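The chain contents come next:
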Number of protein chains: 2
Amino acid sequence: METIEPALYLIPVTLGETPLQQVLPEYNLEIIHGIRHFIVEEIRTARRFLKQVDKAIDIDTLTFYTLNEHTDSKEIESYLLPLANKEPVGIISEAGCPAIADPGADAVCLAQAKGYRIIPLVGPSSILLSLMASGFNGQSFAFNGYLPIEENKRISAIKELEQKVYNCGQTQIFIEAPYRNNNLTASLLKNLRPGTKLCIATDITCQDQSIKTHYVSEWRQIKPELPKVPAIFLIYR
Amino acid sequence: METIEPALYLIPVTLGETPLQQVLPEYNLEIIHGIRHFIVEEIRTARRFLKQVDKAIDIDTLTFYTLNEHTDSKEIESYLLPLANKEPVGIISEAGCPAIADPGADAVCLAQAKGYRIIPLVGPSSILLSLMASGFNGQSFAFNGYLPIEENKRISAIKELEQKVYNCGQTQIFIEAPYRNNNLTASLLKNLRPGTKLCIATDITCQDQSIKTHYVSEWRQIKPELPKVPAIFLIYR
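### Overview of the overall build of chain A
Right, so step 1: Each helix and strand counted, chain A has 10 helices and 10 strands in total.
Right, so step 2: Overall, chain A is about 60 × 35 × 30 Å in size when its C-alpha atoms are taken along their principal axes.
Right, so step 3: Within chain A, the fraction of its 237 residues that count as buried is 58%.
Right, so step 4: Nonlocal contacts in chain A, meaning residues at least 24 apart in sequence, comprise 76% of its contacts between residues at least 6 apart.

As structure tokens, then:
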């Protein structure tokens, strides 16, 4: 057991089945060895990740606290109690970086209010990696999460985001649930202007990673068929 | 010399004087060993980084291509020629991740148009790390680069970004040149509403890292004095 600075550590994990050393700095693994209290979305996947970090890890000496959209703030407050005793606490994400599009942000918010030190660790983010590889504007960009599911609302959202691309030169990024990838793609190709650029990125950092940018008019010819895998979409002019 | 897949690799570097293994996966160093052609903003800093990666590296066997805001697209096109011969090319950032708030994006854009494979590597991003640690909304956020310098335009920009926080629940992120940190902070504390939250993050991933969130009303009491170091600012409700 190493001694590390008492702080709330934000611990990224791999995006899918990628070897740890491909996407996580060695330092993260050292830090993890110094932590006994983990805030997690799902205990099962967190255990699996920790076993991957260190096969010899003694899971039974660790305490896990479940944080999801149903956890109330009183409970989250109790998860941070080890910090009051100068013991480090870690937040492990389900995929990618904690507190970016996952419930970890609520715990971080409370920790900030309590004045605890917060240390974010480096790891893979599909948002950032796809933006880097898209060729789009990285000086001004927005991540918008999921678009609405209902057809008319979705079309309005698509047109509104495209408007921001043209009016503000801001790259617009959004995600979709894997089983709706083809649905969203069809809607994008139908409703975006032919001269707008669309980047479709799938399976980032994984074996079948694909990050491709084309004009909408070109995508209409290509007729892409997306597999049911994590995908992220970016538009720009 | 290892053989790696011919592709345009996007190679992040440290943010300041941080040990490589703290912020870069081991895999990045393996990839770098397989590349002989590097597109860089400044050759001197790129050489220093490569020497850090491997003291024994033979810099004279490598070719460097300078990419900055003055490089025209014909020239950038010539930088990508090794890819036509199935030789990998790397883009090394000056700080953080290539193509995010740096000129690398132009080369990536051309590579996408030519249909070359593009592989982004994981590394530190002050935008993402500060967002993770701010406790702010990570489901919807925008990075806005630098705010205008001229006083009146700057005040309008600040108020416009605050409006987006309240109207859209979107975290707003922006940066400033180190010597203007205190200037911007003063302007933020004067022009934002007391109930708006402001996160100030300095020296991310470095020895003196500080990432603190307070209400504007609290910051006004704290009267922060920022050192002349890289800083990033985030606002949310």
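So much for the structure itself; the text now carries on.
### With respect to the packing of aromatic side chains
Residue and element names in this part refer to chain A.
Right, so step 1: Taken as a whole and judged by the stated rule, the model has 10 aromatic pairs over all chains.
Right, so step 2: Centroid distance Phe38 to Phe64: 6.1 Å. Interplanar angle 25 degrees. Geometry classified as stacked. Of this pair, Phe38 sits in strand β2 (residues 37-40) while Phe64 sits in strand β3 (residues 63-66), placing them 26 residues apart in sequence.
Right, so step 3: Under the relative-accessibility criterion, Phe38 is labelled buried at 1%.
Right, so step 4: With a centroid separation of 5.6 Å and an interplanar angle of 40 degrees, the aromatic rings of Phe136 and Tyr236 are classed as tilted. With a gap of 100 residues between them, Phe136 in the loop between α7 (126-134) and β6 (141-146) and Tyr236 in strand β10 (residues 231-236) connect regions that are remote in the sequence. For the pair Phe136 and Tyr236, a shared accessibility class is recorded, and that class is buried.
Right, so step 5: One Lys or Arg, Arg193, reaches over the ring of Tyr166 and ends 3.9 Å from the middle of that ring.

### Structural notes on the relation of the copies chain A and chain B
Both copies of the chain are related through a single rotation about an axis accompanied by a shift along the same axis.
Right, so step 1: When chain A is fitted to chain B, the best match, at an RMSD of 0.0 Å, comes from turning it 180 degrees and sliding it 0.0 Å along the axis. Classification of the inter-copy transformation places it as that of a two-fold axis.
Right, so step 2: A symmetric contact is evident, with 100% of the interface residues of chain A recurring at the interface of chain B.

### Regarding the side chain of Gln172 of chain B
Residues and elements named next belong to chain B.
Right, so step 1: Its place among the elements puts Gln172 in strand β7 (residues 171-176).
Right, so step 2: A polar contact is formed between the side chain of Gln172 and the side chain of Asn144, at a distance of 3.0 Å.
Right, so step 3: Gln172 has contacts with Ala142, Asn144, Leu161, Lys164, Val165, Phe233, Leu234 and Ile235, leaving out every residue within four places of it along the chain.

### Focus on the pairing of strand β8 (residues 197-202) of chain A
All names here are of chain A.
Right, so step 1: Taking burial as the measure, the 6 residues of β8 include 6 buried ones, the bulk of the element.
Right, so step 2: Burial along β8 is two-sided: the face carrying Lys197, Cys199 and Ala201 and the face carrying Leu198, Ile200 and Thr202 are both buried.
Right, so step 3: Where β8 and β10 come together, 6 bridges link them in antiparallel fashion. Among the inter-strand pairings, Thr202 is bridged to a residue of β10, identified as Ala231.
Right, so step 4: In this structure, β8 lies alongside strand β9 (residues 210-215), joined through 6 bridges in antiparallel fashion. Bridging across to β9, Leu198 finds its partner in His214.

### A word on empty space enclosed by the protein
Right, so step 1: For the coordinates displayed, the defined rule picks out 3 cavities of 30 Å³ or more.
Right, so step 2: Taken as a whole, the largest cavity holds about 80 Å³ of empty space.
Right, so step 3: Residue lining of the largest cavity: 15 residues in total, with Val122, Gly123 and Leu128 of chain A together with Gly123 and Leu128 of chain B positioned closest to the centre.
Right, so step 4: By residue number, the principal contributor to the lining of the largest cavity is helix α7 (residues 126-134) of chain B, which donates 3 residues.
Right, so step 5: For the lining of the largest cavity, a count of residues per class yields 11 nonpolar, 4 polar and no charged.
Right, so step 6: Each pocket or cavity is described by its volume, and for the second largest cavity that value is around 60 Å³.
Right, so step 7: As for the second largest cavity, its lining consists of Ile39, Val40, Glu41, Leu67, Ile91, Ile92, Ser93, Glu94, Asp102, Pro103 and Gly104 of chain A.

### With respect to the sheet that holds strand β1 (residues 8-11) of chain A
Right, so step 1: If you walk across this open sheet you meet the 5 strands as β3-β2-β4-β1-β5 (chain A), and the pairing is parallel. At either margin of the open sheet sits one strand with a lone partner, and together these are β3 and β5 (118-120) of chain A. Shown here is a sheet whose adjacent strand axes are inclined to one another by a mean of 25 degrees, direction ignored.
Right, so step 2: Bridge count between β1 of chain A and strand β4 (residues 89-92) of chain A: 4 bridges; the pairing is parallel. Within the sheet, the bridge partner assigned to Leu10 of chain A lies in β4 of chain A and is Ile91 of chain A.
Right, so step 3: Running at roughly 145 degrees to β5 of chain A, α7 of chain B makes contact with β1 and β5 of chain A of the sheet.

### Notes on the environment of Thr213 of chain A
Right, so step 1: Relative to the helices and strands, Thr213 of chain A is located in strand β9.
Right, so step 2: Given the relative accessible area of 8%, Thr213 of chain A is considered buried.
Right, so step 3: Sequence separation between Thr213 of chain A and Ala46 of chain A is 167 residues; the distance between their C-alpha atoms is 34 Å.
Right, so step 4: Not counting the four nearest positions on each side in its chain, Thr213 of chain A is found in contact with Ser134, Phe136, Lys197, Leu198 and Cys199 of chain A together with Gln112 of chain B.
Right, so step 5: One polar contact links the side chain of Thr213 of chain A to the main-chain carbonyl oxygen of Ser134 of chain A, over a distance of 2.9 Å.

About the thresholds
Residues numbered from 1 in each chain as written. Chains lettered and ligands numbered in written order. Predicted model: local features only at pLDDT ≥ 70, side-chain atom pairs only at ≥ 80, totals over all residues. Heavy atoms only, no water. Helix = DSSP H or I, 4+ residues; strand = E, 2+ residues; numbered from the N terminus. Buried < 20%, exposed > 50% of the residue type's maximum accessible area, 1.4 Å probe, protein only. Contact = heavy atoms within 4.5 Å. Phe/Tyr/Trp six-rings, centres within 6.5 Å; stacked < 30°, edge-to-face > 60°. Lys NZ or Arg CZ within 6 Å of the ring centre and 35° of its normal. Least-squares fit on C-alpha atoms with pLDDT ≥ 70 in both. Polar contact = N/O pair within 3.5 Å; in protein donor to acceptor, adjacent residues only side chain to side chain. Pairing = 2+ DSSP bridges. 1 Å grid on protein atoms, 1.4 Å probe; cavity = no way out; pocket = protein on both sides within 12 Å on 5 of 7 lines; lining within 4 Å. Points joined across faces, edges and corners; volume = space filled by probe spheres on them. Nonpolar A, V, L, I, M, F, W, Y, C, P; charged D, E, K, R; others polar. Axes fitted to C-alpha atoms, helices over the stretch in contact; angles between N-to-C directions.

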